[in-house]
Amino acid sequence: MAAYLFVHFRETRTPDGEQVYFGVSEDGFNWEAVNGGDPVLWSYQGDKGVRDCTITRTDDGRFVIMGTDLSLAYGMVNQYDGSWEEITRNGSDALTLWESADLVAWSEQRMVELGDGQFGCLWAPDITYDRENGDYVVHWSSSHEDDDYAEMALYYARTEDFESFSDPELLYRNPDGGVIDSAMYEEDGTYYCFAKSQSNPTGIVLLESERPTGPFTRVPAFDRTMAGLDGARYEAPTAFRLDDGRWCLFLDYFGGDPETQGYVPFVADSLDSAFERADDEFSFPYGFKHGTVLRITREEYERLRAYEKDPGER
């Protein structure tokens with residue numbers, strides 16, 4: 001693996017922002033846009049928008065992208081009456097999915113219905129490979145009817161092939177408030193899960209477990225990373241390992257103007273240690289929003305750099 005792919009969306013106030021974008025990097029520090037900075041994939045089903053993208057490389061060589069089925073540009077005013085509470089309670093109970101063998105030619109969009117009628121909107125999927133079981137744990141955040149949709153929690157379902165999925169189960173609930181945006185990684189046999197705590201505390205937290213389905217406990221050392229930051233303005237963690245063995249953690253900053261929103265980089269020697277902010281080491285062509293980084297080969301990197309979609313094709 002010689003390079004990196006960042007699959008993300010782009011927060012604009014028009015429908016083209018809430019689609020699937022690609023960025024690539026040779027070193028994980030300096031990023032460039034794929035396809036001239038235009039979307040690589042468009043959503044035409046469900047809410048006709050896709051946010052909070054994640055990607056995985058399966059053990060049989062396929063690539064799978066999943067995302068939140070939501071378009072604020074289309075739906076916030078009319079479909080959801082301008083209310084985040086309405087989205088949380090009555091938003092889509094499906095996740096959107098594409099597959100590819102080469103990162104360039106993608107399958108038709110599929111909607112994966114996991115909500116079973118008891119969930120609110122399914123937000124921010126992430127995919128973790130379970131080495132012991134040989135399957136994939138798809139986890140996301142949602143409200144649930146069991147507390148009248150009051151607080152978000154993390155849930156998961158298992159799949160071997162991304163065609164059939166197990167029934168949803170609880171992954172983690174914050175006893176003192178809501179929790180969203182899970183991103184999970186394995187290091188030295190331990191599974192670490194970054195997540196956004198919505199209160200008590202407010203900010204990114206780190207959880208750990210011997211299994212990708214828990215039970216999870218807090219990692220206090222990570223709290224030093226958030227010290228001095230306005231935790232309410234950071235969400236959507238994603239992490240990846242650099243060539244020198246360090247970990248890079250990207251946190252999505254929001255709440256400012258469009259020019260100051262997007263990912264902020266932090267670097268650490270291991271996942272369970274404090275991360276140091278590293279803005280000066282990184283560059284982005286524009287504000288990447290909620291996504292996931294995947295290691296790719298040199299051939300895949302060159303193929304994506306050369307990729308240019310027909311302007312009339314969506």
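An account of the accompanying structure is given in this report. Chains are numbered independently. Their residues run from 1 in the order of the written sequence. In view of the model being predicted, local features appear only for residues whose pLDDT reaches at least 70, and side-chain atom pairs are presented and counted only at 80 or more, with totals across whole chains, interfaces and linings using the full set of residues. Hydrogen atoms and water are omitted, and side-chain values are computed over all heavy atoms in the structure.

Our focus in this paragraph is the packing of aromatic side chains. In this analysis, rings of Phe, Tyr and Trp, with Trp reduced to its six-membered ring, are considered paired at centre separations within 6.5 Å, and the interplanar angle assigns stacked below 30 degrees, edge-to-face beyond 60, and tilted for intermediate values. In the structure shown here, the tally under the stated rule is 29 aromatic pairs. For the ring pair Trp31 and Phe240, a centre distance of 6.4 Å and an interplane angle of 85 degrees mean the geometry is edge-to-face. A residue pair is termed long-range when its members are at least 10 positions apart, and Trp31 in the loop between β2 (21-25) and β3 (32-33) and Phe240 in strand β16 (residues 234-241) qualify at 209 residues. Grouping residues by exposure puts Trp31 and Phe240 together as buried. Through pairs of rings, three or more aromatic residues link up here, namely Tyr4, Phe6, Tyr21, Phe29, Trp31, Phe240, Phe250, Tyr263, Phe282, Phe284, Tyr286 and Phe288. Taking the ring centre of Tyr286 as reference, the NZ or CZ of Arg10 above it sits at 3.7 Å. Think of it this way: any DSSP run of H or I at least four residues long counts as a helix, any run of E at least two long counts as a strand, and we number them from the N terminus. A simple rule labels every residue: compare its accessible area, found with a 1.4 Å probe on the protein chains alone, to the largest value its type can have, and call it buried under 20%, exposed over 50%, or partly exposed in between. A ring has a charge above it when a Lys NZ or an Arg CZ is no more than 6 Å from the ring centre and no more than 35 degrees off the ring normal.

Counting residues in hydrophobic clusters, the biggest one holds 22 residues, and the most contacted among them are Leu5, Val20, Phe22, Ile65 and Trp106. Elements represented by at least two residues in this core include exactly β1 (3-9), β2, β4 (50-57), β5 (63-69), β20 (289-296) and α4 (298-305). Core analysis: the second largest hydrophobic core is formed by 19 residues, Phe194, Leu206, Trp247 and Phe275 among them. Residues grouped as a nonpolar core are buried Ala, Val, Leu, Ile, Met, Phe, Trp, Tyr and Cys residues, joined through side-chain atoms within 4.5 Å.

To continue, consider the environment of Phe282. By the secondary structure assignment, Phe282 is in the loop between β19 (276-277) and β20. Here the alpha-carbon distance between Phe282 and Ala232, two residues 50 residues apart in the chain, equals 23 Å. Setting aside its immediate chain neighbours within four residues, Phe282 contacts Gly28, Phe29, Cys248, Phe250, Pro265 and Val267. In what follows, a contact means two residues having at least one pair of non-hydrogen atoms within 4.5 Å.

If DSSP finds at least two bridges between two strands, the strands pair. One open sheet accounts for 4 strands, arranged β4-β5-β6-β7; its pairing is antiparallel. With partners counted over all chains shown, the strands left at the sheet margins are β4 and β7 (110-113), one partner each. Ignoring strand direction, the axes of neighbouring strands in this sheet form an average angle of 30 degrees. By the bridge criterion, 4 bridges tie strand β6 (residues 94-100) to β7 in an arrangement that is antiparallel. Lines fitted to C-alpha atoms define the axes here, with helix axes fitted over just the stretch in contact, and angles between the N-to-C directions of these axes take values from 0 to 180 degrees.

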